[in-house]
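Here are the chains, one letter per residue:
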Amino acid sequence: MVLPSGLLDRQAIQRRRRAVVKTLLYRLVMVAITVAVALAVTGSAGDALEIGLAANVVKTVTYYSYERLWDRVSWGVAGS
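Below is a short write-up of the structure. Along every chain, residues carry numbers that run from 1 in the direction the sequence is written. Per-residue local features of the predicted model are confined to residues with pLDDT of at least 70, and side-chain atom pairs are confined, for both listing and counting, to 80 or more; whole-chain, interface and lining totals are unaffected and use all residues. Each side-chain value is worked out from all heavy atoms of the structure, with water and hydrogens disregarded.

Numbering of helices and strands runs from the N terminus; a helix is a DSSP stretch of H or I covering at least four residues, while a strand is a stretch of E covering at least two. The helix and strand inventory of the protein stands at two helices and zero strands. The classification of residues rests on relative accessible area computed with a 1.4 Å probe and restricted to protein chains. Under 20% of the type maximum is buried, over 50% is exposed, and intermediate values are partly exposed. Within the protein, the proportion of its 80 residues that are buried is 19%. Contacts: residue pairs with any heavy atoms within 4.5 Å of one another. Long-range pairs, those at least 24 residues apart, make up 42% of the contacts in the protein between residues at least 6 apart in sequence. About 6,200 Å² of surface is accessible on the protein, with carbon and sulfur atoms providing 67% of the total. Here the Shrake-Rupley method, with its probe set to 1.4 Å, supplies the accessible areas, and only the displayed protein chains count as covering residues.

Below, the structure written as structure tokens:
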């Protein structure tokens, strides 16, 4: 958000950084789970890693976008 003076709203930047960190940490856990399940199904570490990485790149972008969308929804937020 840009303030009238042209400066960026520091709180908005921190929320975005927080969302990025949360997203990345969550996705790391999900990559490990996806790779483990894919390994159990395929029996191939290479295939499991490819499946885990491909699926989680898409899911990371989706999750981040979803979080940012919900940041714009005031429903259920205290004081709104």
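Right, let's talk about the packing of aromatic side chains for a bit. Any Phe, Tyr or Trp ring, taking Trp's six-membered ring, that has another such ring centre within 6.5 Å forms a pair; planes under 30 degrees apart are called stacked, those over 60 apart edge-to-face, and the others tilted. All told, the structure shown has three aromatic pairs when counted by the stated rule. With a centroid separation of 5.2 Å and an interplanar angle of 20°, the aromatic rings of Tyr 26 and Tyr 63 are classed as stacked. Taken together, the residues span a long stretch of sequence, with Tyr 26 in helix α1 (residues 10-42) and Tyr 63 in helix α2 (residues 45-71) at a distance of 37 residues. On the basis of relative accessible area, Tyr 26 is assigned to the partly exposed category, the value being 37%. With a centroid separation of 6.4 Å and 50° between ring planes, the pair formed by Trp 70 and Trp 75 is classed as tilted.

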